[in-house]
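# Chains, contacts and geometry: an overview
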Amino acid sequence: EIERRLAKSLRLHGGLVKGSESLVGNVVSGNFYSAQPFGVIDGIDYCWTGFPRKVEVERIRQVHETNDIVLLTSLGVSPSGEIFNVNSEFLAASVAGAVSASKIVYFNVHGTLFQNKNTNKPVQNLRVSDAKNLLTHYNM
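A short tour of the structure in this document, coming up. (Residues numbered from 1 in each chain as written. Predicted model: local features only at pLDDT ≥ 70, side-chain atom pairs only at ≥ 80, totals over all residues. Heavy atoms only, no water.)

Summarising the sheet, strand β4 (residues 33-37) and strand β7 (residues 49-55) pair through 5 bridges and their orientation is antiparallel. Looking at the pairing, tyrosine 33 lines up with valine 55 of β7. (Pairing = 2+ DSSP bridges. Helix = DSSP H or I, 4+ residues; strand = E, 2+ residues; numbered from the N terminus.)

And the structure:
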C-alpha cells in the first residue's frame, strides 16, 4: 500500500527533477538488506528483534541509477529465513551509511523533531560534527 501511494504521488507531482528535465521514477521494494537477531542483553532475550546484518549496496545503487526510489521495510530476513523486527531509524541510518547517502527520508507513525534546548525552535539541519556527537552521546 505504501509503495503504491508513493508511486502515485511521484506521478501526480511530476516525479523527480534533474536539471530542467523531469524524471518520473518508480518506488521499488525488496530484500535490500539481511537481518540478524539482537540476542540476549543483560539477561533479556529480545526474541524477534533484530538489526541489519548486510546491506545490498550495489542493488540499491542500481535502483537509484534508474531514478527509482528504494522503499525499505522494518521486517528483515536472516540468511536462514527467520524474520526480525528491525528499528526503522536504525535501519535508515545503517543503509544511508552503507551507501554514503547525503540525506535520509523515512516515514513513521509518530513525528520526530529535534529542538534546540535553548530556543525550543526546531533543528532543521546538523553539521556532520554535531551529528557524530549526537550518535556518540547515544552510543550508536
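Now that the structure has been shown, we can carry on.
Tracing the backbone shows serine 34 in strand β4. The residues contacting serine 34, other than those within four sequence positions of it, are Phe51, Pro52, Arg53, Lys54 and Val77. (Contact = heavy atoms within 4.5 Å.)

Another point: unusual backbone geometry. Phi at serine 100 is positive, roughly 55°, even though this residue is not glycine. Mapped onto the elements, serine 100 comes out in the loop between α3 (88-98) and α4 (128-137).

This brings us to the packing of aromatic side chains. In this structure the tally under the stated criterion is 3 aromatic pairs. Look at phenylalanine 38 and phenylalanine 51: their rings are 6.1 Å apart centre to centre, the planes differ by 85°, and that puts the pair in the edge-to-face class. Of the two residues, phenylalanine 38 is situated in the loop between β4 and β5 (40-41) and phenylalanine 51 in strand β7; the sequence distance between them amounts to 13 residues. A residue is classified by how much of its surface remains accessible, and phenylalanine 51, at 24% relative accessible area, is partly exposed. Both rings, one in tryptophan 48 and one in phenylalanine 84, keep their centres 5.9 Å apart while their planes meet at 40°; by these two values the pair is tilted. Note that tryptophan 48 is positioned in the loop between β6 (44-45) and β7 and phenylalanine 84 in strand β10 (residues 83-86), a separation of 36 residues in sequence. For phenylalanine 84, a relative accessible area of 2% translates into the label buried. Members of the aromatic cluster, connected to one another through ring pairs, are Phe38, Tyr46 and Phe51. Geometry around phenylalanine 32 places arginine 59 over its ring, the cationic atom sitting 4.8 Å from the centre. (Phe/Tyr/Trp six-rings, centres within 6.5 Å; stacked < 30°, edge-to-face > 60°. Buried < 20%, exposed > 50% of the residue type's maximum accessible area, 1.4 Å probe, protein only. Lys NZ or Arg CZ within 6 Å of the ring centre and 35° of its normal.)

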